[in-house]
Amino acid sequence: MFYNDYKYILVPLLLWLAIQTSKVVVDCIEKKKFTLRRLLGSGGMPSSHSAVMVSITVMLGKNIGFKSPIFALACFMSLVVMQDAIGVRRQVGKQAKYLNEILMDEKTSPEEKFQEMVGHTPFQVLIGLIVGLIAGLIA
């Protein structure tokens, strides 16, 4: 009973937590350094934003109906989130990388660096979409 009452919150929340935790683990293995800040950060594989939005959208379609206005709204919100991840946020990440290169030339401390992992590649968003689709179908 509890699950059915809160599945639209529980499934996306647990999905986001699982994806973000996997990013912390991968980051820890690759960089040999544990960074808890990575849990709340954006960017990386797969896109948790895309996965969360698609999972909610699929659950709404399954449970409320694929012809409902709420499903249509969720579809377009998912598309906006995914387009933003690939477009604007990815460009912000690229700009941060170039700015950090300039600042490092001026002997700026690492604490003053801009966050470079902000957006996603189209492939990262596609994998997030697939993960969200699977989670939504299973839920």
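The rules we used
- Residues numbered from 1 in each chain as written.
- Predicted model: local features only at pLDDT ≥ 70, side-chain atom pairs only at ≥ 80, totals over all residues.
- Heavy atoms only, no water.
- Axes fitted to C-alpha atoms, helices over the stretch in contact; angles between N-to-C directions.
- Helix = DSSP H or I, 4+ residues; strand = E, 2+ residues; numbered from the N terminus.
- Left-handed = near helix turned anticlockwise from the far one by under 90°.
- Contact = heavy atoms within 4.5 Å.
- Nonpolar A, V, L, I, M, F, W, Y, C, P; charged D, E, K, R; others polar.
- Expected span 1.5 Å × (residues − 1).
- Buried < 20%, exposed > 50% of the residue type's maximum accessible area, 1.4 Å probe, protein only.
- Arc of directions from axis to C-beta.
- Polar contact = N/O pair within 3.5 Å; in protein donor to acceptor, adjacent residues only side chain to side chain.

Caption draft 1: Quick peek at the packing of helix H2 (residues 48-64) against helix H5 (residues 122-138). One way to put it is that H2 packs onto H5 with a least axis distance of 7 Å and a crossing angle of 35°. Once H2 is placed against H5, the crossing between them reads as right-handed. Listed contacts from H5 to Ser50, Ala51, Val54, Ser55, Val58, Met59 and Lys62 of H2 are Val125, Gly128, Leu129, Val131, Gly132, Leu133, Ala135, Gly136, Leu137 and Ile138. Residue composition of the contact of H2 with H5, by class: 11 nonpolar, 5 polar and 1 charged.

Caption draft 2: Representation of helix H3 (residues 69-86) in the model. Here H3 contains 18 residues, and its C-alpha end-to-end distance of 26 Å stays within 8% of the 26 Å for a straight helix at 1.5 Å per residue. Residues Phe71, Ala74, Ser78, Met82 and Ala85 constitute the buried set of H3. One side of H3 holds all its buried residues, which, seen down the axis, span an arc of 65°. Exposed side of H3, more than 90 degrees from the buried face: Pro69, Leu73, Phe76 and Gln83 are the residues found there.

Caption draft 3: Representation of the side chain of Lys23 in the model. With respect to the element layout, Lys23 can be found in helix H1 (residues 2-31). In terms of polar contacts, Lys23 uses its side chain to reach the side chain of Gln20, at 3.1 Å. Aside from chain neighbours lying at most four places away, what touches Lys23 is Arg38, Gly43, Gly44, Met45, Pro46, Ser48 and His120.

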